[in-house]
Amino acid sequence: MKKAFREIVNGNIWLSFLAVVASFIVGGILIAFSSETVQTTATYLTARPTDFISAVWNAVFGAYDAMFRGAVFNYKADNLTFMIRPITETLAYATPIVMSGLGLAVAFKSGLFNIGAAGQIVFGAMFAGWVAIFVDLPGYIHFPIALLAGILGGALWGALAGFLKAATGANEVIVTIMFNYIAILLLGYLLKTPVLKAPGSVNPISPPVHDSAKYALLMGDQFRVHAGLIAMLIAVVFVWWLLNRSSIGFQFRALGHNPNAAKVAGINIGATTVLVMAVSGALSGLAGTSQIMGTEKFLTLGVAASFGFDAITVALLGRSNPWGVLMAGILFGGLRAGAVTMQANQGVPIDIVLVVQSMIVLFIAAPPLVRSMFRIKPQKEDAK
Amino acid sequence: MKQSKRTPISLLVLTLLGLWMLVSAPAIDTTIKISTDSDIFKIAEFGLNAQLVSAIAFAFQLLATGYSSFFVLVRKHKTPRFVVLVFGLALVVEIMILLFAGKTMTITSLLQGSLALAVPLIFGSLAGVLSERVGVVNIAIEGQLLAGAFISALVASLSANMYLGLIGAIIAGALVSWVLAVFSIKYIVDQIIVGVVLNVLVVGVTNFLFSTLMVSNLTVFNQPPRFEKILIPLLGQIPVIGPVLFNQTLIVYLMYLSVAGIWFALFKTRWGLRLRAVGEYPKAADTVGIKVFRTRYISVIIGGAFAGLGGAFFTLGQVGSFGKEMTNGAGYIALAALIFGRWNPIYAAFAGLLFGFAQNLQYGLAIIGSPVPSEFLLMLPYALTVIAVAGLVGKVTGPAASGKAYIKS
């Protein structure tokens, strides 16, 4: 019995699950700590400990209940639209996260530490945005061209980092971090010039995207979920095929496993490095199009939001496996969507998401830590 | 061979930039104002012909490029470092004189602002030096700075004592570093992952505590006393650099000591030699009896303490209160300074000053209404770092074992 439990616990999926649970517990501690009723009941903790315990329970349950209602299903809502809106919100948030996370998964599998999702999203959004906003094209061709422009933008910015790595041996971690800042500063500059700025606006914001270049809404005006979701699913299948079924993907993985062996086997390391980073950037560029042509519809400095970091966490949590990335992306999309409701209903700051998210990654990355945290109690689990 | 040719080629490209600037230089004066009103020895304002100065600067660039090409092509030797330095200086002079052509350049205030922006960068890069020299990549500088800023504001406010705040900042920075050390040394997690995640974790925790705790009562939790500037006699009276370098807060003087102290400890003591051995070749270090894990823990944690001090400069040295995400990417610029400064505390400090100067220049230019967009000045640290790691101007190589976990066999 004990042995069987150990085997399950040592499995990757279980470890991921336990990491998520542990992170929510840490988040719960923070929520309890910040609750005023918990603070007041703590002052007479020894006199009436039950007050304290129920205050903690109310604070934590209230917060996570609100999160559930914001992310999955709002059972307190009046009509069906409001009941199912949360899950669609989750999907809307998840779309760019998954796309960009897939990009990083491709890079990680190929042994390249691409930290540059944020910059690549910005480039994708800039290219797509420029076509979608400033170019007048007939409806049926406008959308695909804007989409391709965004993918191209991300691919170019990624490929440039790959080229620097291949040609000069520059560390891709450093280069992509620096490229993130360069990209966002470039966007900031362009949003001040007529290239991207809305005429007459004092703020750094672009004019709205043409209707012909928008992703179609999937469930009508009441919901934000758009056709980017379908693009995301196609991207998942594409990356699965690329990594597991194509010969290029085999070269990618060979590079990731052992660059020297790959070289001996006749794989062109330099060209493959550039290609990996181009594909990786292209997927982040796709995420950029989802933001500009689907969700935001304007180009602002906040276009990449925190998706750069989300993508890293999603790729790690999904263990660089496309289906894993999809699951992890939906989880983090749910965290984002739920946190909005949690902040509105329970006054728990949205920043709790960052804490939970980073704890998840830390726990995932250190399986021995999670094991030691949960192995303390296997007897109790057995007794059940 | 291929590597060494990059330097003269890059210099040639930059010389063309210098030539373009020279051609477009207007024949008007740039007024240079050196003295401040409080100086004892006053130097009058004077004008310099922008065309003339950029011509001289351009001549230096030509000389440096020629000298570099001569060394590489004829002598088959690497370009000496001072040649690159002379070139860089000449280019900066040319750019500055042209940016301020027809306007007044107030040197002292430009430098004062630069130093203020450079202090956290320099402390942050010291954290990077201590961590990476011992073999642990420190992407978490941003988190260490932010933790230092938050705790210093909180502790100093509660205790009404800025020295306690400073100690709190040191502990906070060291604590973030300790997490980095545990995960990368004990759990052998990829150091870059830990670093990136720690930065976000600290943002999350400080934002959360700021919104829930600090905002509830700002006067109690977020109104720390600030350090006053201390004018050092004699040194403070030196024209130009006196008021810039020697009329500063305690934290800045600590920074001077830290840079010198860490340089000495790293390169002149047995402890430093062992530390660098662990960062270059841990197995060899282990073989001769150096405790690799312990050395790494200690050095990484001490590094974080310095970054904590840099964080305290935001709250106790400058702003006077904590603000959400107030470090605003300084940790990543510190990382850039560290790389640009070749993992050497003194070079890194100069790189930090250069990046602080570039950041500060935007304010100087905004006052005179220069057409150069601030974004390009802000890009400078990042662009220079990419140029440095790509080996376009000399090659930068970090400690050999940096980023690799050591597994004792």
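Undergrad: Got a minute to help me understand the interface of chain A and chain B in this structure?
TA: Often, the extent of an interface is quoted as the loss of accessible area upon association of its parts. Between chain A and chain B, the contact holds 40 residues from the first and 40 residues from the second. Together, the buried faces of chain A and chain B total about 3,600 Å²; carbon and sulfur atoms form 85% of this surface. It is A:Met178, A:Leu185 and A:Leu362 that lose the most area in chain A upon contact with chain B, and together they represent 17% of the buried surface on that side. On the surface where chain A and chain B come into contact, there are two salt bridges. For B:Lys324, the salt bridge identified is with A:Asp351, shortest N-O distance 3.7 Å. Mapped onto the side of chain A that touches chain B, the elements with two or more residues apiece are α2 (12-34), α7 (139-168), α8 (172-190), α13 (307-317), α15 (352-365) and α16 (367-374) of chain A. Of the residues forming the side of chain A that touches chain B, the biggest block, 12 residues, is contributed by α8(A). Of the residues in the side of chain A that touches chain B, the class split is 34 nonpolar, four polar and two charged.

Undergrad: Before we go on, may I ask you to explain the side chain of A:Gln357 in this structure?
TA: Residue and element names in this part refer to chain A. With respect to the helices and strands, the residue glutamine 357 is situated in helix α15. By relative accessible area, glutamine 357 is classed as buried at 1%. Those residues in contact with glutamine 357 that lie beyond four places of it in its chain are Phe309, Asp310, Thr313, Phe332 and Arg336.

Undergrad: Looking at this model, I keep getting lost on the packing of helix α5 (residues 80-109) of chain A against helix α14 (residues 322-346) of chain A. Mind explaining?
TA: Pairs of packed helices are described in terms of their axes, by the angle between the two and the distance that separates them. Residue and element names in this part refer to chain A. Two numbers describe how α5 lies on α14: the axes approach to 7 Å, and their chain directions differ by 140°. Between α5 and α14, the crossing angle belongs to the class labelled oblique. In the packing of α5 onto α14, the handedness of the crossing is right-handed. Contacts between α5 and α14 pair Glu89, Thr90, Leu91, Tyr93, Ala94, Ile97, Val98, Gly101, Leu102 and Ala105 from the former with Pro322, Val325, Leu326, Gly329, Ile330, Phe332, Gly333, Gly334, Arg336, Ala337 and Val340 from the latter. Its residues assigned to classes, the contact of α5 with α14 shows 14 nonpolar, five polar and two charged.

Undergrad: What am I meant to see in a nonpolar patch on the surface here?
TA: Residues and elements named next belong to chain B. A cluster of nonpolar side chains, namely Leu52, Ile56, Phe60, Leu63, Tyr67, Phe70, Leu73, Val74, Phe82 and Val86, defines an oily patch on the protein surface of about 980 Å² accessible area. Those elements giving two or more residues to the nonpolar patch turn out to be α2 (50-74) and α3 (81-99). Top contributing element to the nonpolar patch by residue count: α2, with eight residues. Note on placement: leucine 63 falls in helix α2.

Undergrad: I'm lost on the packing of aromatic side chains in this one. Help?
TA: The geometry of two aromatic rings is summed up by the distance between their centres and the angle between their planes. For the structure on display, the rule yields 22 aromatic pairs over all chains. Site record: aromatic cluster; members linked through ring pairs are A:Phe123, A:Phe127, A:Trp157 and A:Phe179. Sitting over the face of the ring of A:Tyr93, A:Arg224 holds its NZ or CZ atom 5.2 Å from the ring centroid. Across from the ring centre of B:Phe71, 5.1 Å away, lies the NZ or CZ of B:Arg75, which sits over that ring.

What counts and what doesn't
Residues numbered from 1 in each chain as written. Chains lettered and ligands numbered in written order. Predicted model: local features only at pLDDT ≥ 70, side-chain atom pairs only at ≥ 80, totals over all residues. Heavy atoms only, no water. Contact = heavy atoms within 4.5 Å. Buried area = accessible area lost by both parts, 1.4 Å probe. Salt bridge = Lys/Arg side-chain N within 4 Å of Asp/Glu carboxyl O. Helix = DSSP H or I, 4+ residues; strand = E, 2+ residues; numbered from the N terminus. Nonpolar A, V, L, I, M, F, W, Y, C, P; charged D, E, K, R; others polar. Buried < 20%, exposed > 50% of the residue type's maximum accessible area, 1.4 Å probe, protein only. Axes fitted to C-alpha atoms, helices over the stretch in contact; angles between N-to-C directions. Parallel < 35°, antiparallel > 145°, perpendicular 65-115°, else oblique. Left-handed = near helix turned anticlockwise from the far one by under 90°. Patch = residues over 30% accessible without salt bridge, like charges linked within 9 Å, V, L, I, M, F, W, Y side chains within 5 Å. Areas by Shrake-Rupley, 256 points an atom, 1.4 Å probe, with all protein chains shown as cover. Phe/Tyr/Trp six-rings, centres within 6.5 Å; stacked < 30°, edge-to-face > 60°. Lys NZ or Arg CZ within 6 Å of the ring centre and 35° of its normal.

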